[in-house]
Amino acid sequence: MYEWQKQIQTIVNVIDECIKQHNDESLTLFYLSRVLGYSEFYVTRKFREISGMQFRDYLRHRKLAFALKEVRDSGRSILDIAIDYGFSSHEAFTRAFKTLYGITPSEYRKNPVPLVLRTKICSFDRYFLGIGEIGMIKSTDNIKIYFVTLPAHKFLHIKSYDSCGYWDFWQKQGQIPGHDCETICGLLDSIKNKLDDDGSSEPNSGSGQIMAFIPDPNGKCCTRIGVPCAECYGVRLPSDYSGEVPAQMLMIDVPEAEYIVFEHSSFDYEQENCSVEEKIDKAIADFDFSDTGYCYDNSVGRIAYFYHDPERFWKEIRPVRKV
């Protein structure tokens, strides 16, 4: 099964690249089956078995996710966007867009409310599957440590008081209607002006989305910050953000405050994730605040952010206070 999960991940990656290049010829099941060396029927069956959806549905939903961001962010005509993403006419695109999102492209452009996008399938996740790290391929010793002042902002999120860790968080959220990972990540992905967005127009569940930990006596003791807290998942937004808040989410104002940052640069997720985590944890545990005039601040109401984006960085931002 692991081998087929890797194979499906190859297809998913090729699909995204072809959509970005507007290369419809390489998005046929015939072409993708040839990439893997199996029949179209067999690839279709394995895709559905592993992803839980039909190949043609995933492809259509993923195209519409890319197209939606162009409708939202560009001034291009709806027809030009429709043609670029493989639709035969303005009408065909509008019909598919409204069927999936419940709103026409023109209406959405005027009022870009949060919508659930089809984020990229990650069928082969070594840690979710329990495979673990397969060995280092480069040095992971360099960790930058620095103090920052984060300006006032808003944090749009869902939270849990009884989870412990990322996978436990999503398992528990998945039992609440509308709180599952796919829905929440799809909603957050559609929201514009996220402070931590990498600026890419590519619909991807990681763009600008982060875990956070808010000390709270009603929560479980968190392995990352060592105190009872509410575990959260969401996005940071400008302090003047006035867009719609999805019904299942919370919005809080975070005042300007000081933090310490532990940051590791990009790394190979499959081969270095555990090693990088160990080094970050050690750097946090061993950091000497002597002569800095600061200490960690785990008081109720402060917020710690956790960024896990292997292509960019692993970054943990902890609140501090003067002593």
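A quick note: this is a predicted structure, and the numbers were derived from the prediction, not measured.

## A look at the packing of helix H2 (residues 29-36) against helix H3 (residues 40-51)
Geometrically, a packed helix pair is captured by the angle between its two axes and the distance between the axes. Look at H2 against H3: their axes get within 9 Å of each other, and the N-to-C directions meet at 90 degrees. With respect to H3, the axis of H2 lies roughly perpendicular. Within the contact between the two elements, H2 uses Leu29, Phe30, Ser33 and Leu36 and H3 uses Glu40, Val43 and Thr44. Considering only residue class, the contact of H2 with H3 consists of four nonpolar, two polar and one charged.

## Structural notes on the packing of aromatic side chains
Geometrically, a pair of aromatic rings is defined through the distance of the ring centres and the angle of the planes. On inspection of all chains with the given rule, the structure shows 19 aromatic pairs. A centroid spacing of 6.4 Å and a plane angle of 65 degrees characterise the contact between Phe147 and Phe287, whose relative ring orientation is edge-to-face. Taken together, the positions of Phe147 in strand S1 (residues 143-150) and Phe287 in the loop between helix H10 (269-286) and strand S7 (294-296) put the pair 140 residues apart, joining distant regions of the chain. The exposure class assigned to Phe147 is partly exposed, which follows from its relative accessible area of 35%. An angle of 85 degrees between the planes, with centres 6.0 Å apart, marks the rings of Phe262 and Phe287 as edge-to-face. Placement of Phe262 in strand S6 (residues 257-265) and of Phe287 in the loop between H10 and S7 is noted, with a sequence separation of 25 residues between them. According to the relative accessible area criterion, Phe262 is buried, its value standing at 0%. On the basis of relative accessible area, Phe287 is assigned to the partly exposed category, the value being 21%.

## Considerations on the pairing of strand S9 (residues 313-322)
Burial analysis of S9 places eight of its ten residues in the buried class, which makes it a mostly covered element. For S6 and S9, the ladder comprises seven bridges, and the chain directions are antiparallel. Directly across from Val261, in S9, lies its bridge partner Ile317. Here S7 pairs with S9 via three bridges, running antiparallel. Paired with Cys295 across the strands is Arg321, a residue of S9. In this structure, strand S8 (residues 304-309) lies alongside S9, joined through five bridges in antiparallel fashion. In the strand pairing of S9, His308 is matched with Trp314. Adjacent in sequence and paired antiparallel, S8 and S9 are bridged by three residues.

Basis of the calculations
Residues numbered from 1 in each chain as written. Predicted model: local features only at pLDDT ≥ 70, side-chain atom pairs only at ≥ 80, totals over all residues. Heavy atoms only, no water. Axes fitted to C-alpha atoms, helices over the stretch in contact; angles between N-to-C directions. Helix = DSSP H or I, 4+ residues; strand = E, 2+ residues; numbered from the N terminus. Parallel < 35°, antiparallel > 145°, perpendicular 65-115°, else oblique. Contact = heavy atoms within 4.5 Å. Nonpolar A, V, L, I, M, F, W, Y, C, P; charged D, E, K, R; others polar. Phe/Tyr/Trp six-rings, centres within 6.5 Å; stacked < 30°, edge-to-face > 60°. Buried < 20%, exposed > 50% of the residue type's maximum accessible area, 1.4 Å probe, protein only. Pairing = 2+ DSSP bridges.

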